[in-house]
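Understanding the architecture of this molecule
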Amino acid sequence: MSKILVVDDDMINRKLLNVLLKKSGKYEVIEAENGMEALNIIKNEPIDMVLLDIIMPVMDGMDLLKILKSDENFKHIPVAILTTDDTKKTQALELGACNVLIKPIKEPDIMKVIEANIG
């Protein structure tokens, strides 16, 4: 079972993604409410994919993306950005995001991105 880390400061968004992904029966979901918490999780257990919000307290999504993509141990992990700010799309892709989805995200869209990256 693939592990997906959902990183968003909005608990409702995390729970909705958690329910959606677990419903497929193919994914284990771990949640983090900011980039720093996510980084600690990634350092301590194998993660197959990250679904990452941009605007968060403590450490935002762009900072976490930069850290992950510049570290040999983590740069292989696909990171999909989930955001309301479509002005950040180009920057996120340039930093190494595998995809950028603009909220509100439709279930088929998120599943297509996940399946394209980890099956």
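The structure displayed is predicted, hence computed values, not measured ones.

This part is about the pairing of strand β3 (residues 49–52). On a regular strand, one side chain projects to one face of the sheet and the next to the other, so that they alternate. Taking every second residue as pointing to the same face, both faces of β3 are buried, with Met49 and Leu51 on one and Val50 and Leu52 on the other. Judged from the four bridges that link them, strand β1 (residues 2–7) and β3 form a sheet pairing that is parallel. The partner of Ile4 across the bridge, within β3, is Met49. By the bridge criterion, three bridges tie β3 to strand β4 (residues 79–83) in an arrangement that is parallel.

Within the secondary structure layout, Glu31 lies in strand β2 (residues 27–32). The residues touching Glu31, leaving out its near neighbours within four places in the chain, are Leu5, Val6, Arg14, Lys15, Asn18, Glu37 and Ile41.

What follows deals with the sheet that holds β3. Strand order in the open sheet formed by five strands is β2-β1-β3-β4-β5, and the pairing between neighbours is parallel. With one partner strand each, in any of the chains shown, β2 and β5 (99–102) form the two edges of the open sheet. Ignoring strand direction, the axes of neighbouring strands in this sheet form an average angle of 20°. In the packing of helix α3 (residues 61–69) onto the sheet, the strands contacted are β3 and β4, and the crossing angle to β4 comes to about 175°. Set on the sheet, helix α5 (residues 107–118) makes contact with β1, β2, β3, β4 and β5; between it and β3 the angle comes to about 150°.

Scoring rules and cut-offs
Residues numbered from 1 in each chain as written. Predicted model: local features only at pLDDT ≥ 70, side-chain atom pairs only at ≥ 80, totals over all residues. Heavy atoms only, no water. Buried < 20%, exposed > 50% of the residue type's maximum accessible area, 1.4 Å probe, protein only. Helix = DSSP H or I, 4+ residues; strand = E, 2+ residues; numbered from the N terminus. Pairing = 2+ DSSP bridges. Contact = heavy atoms within 4.5 Å. Axes fitted to C-alpha atoms, helices over the stretch in contact; angles between N-to-C directions.

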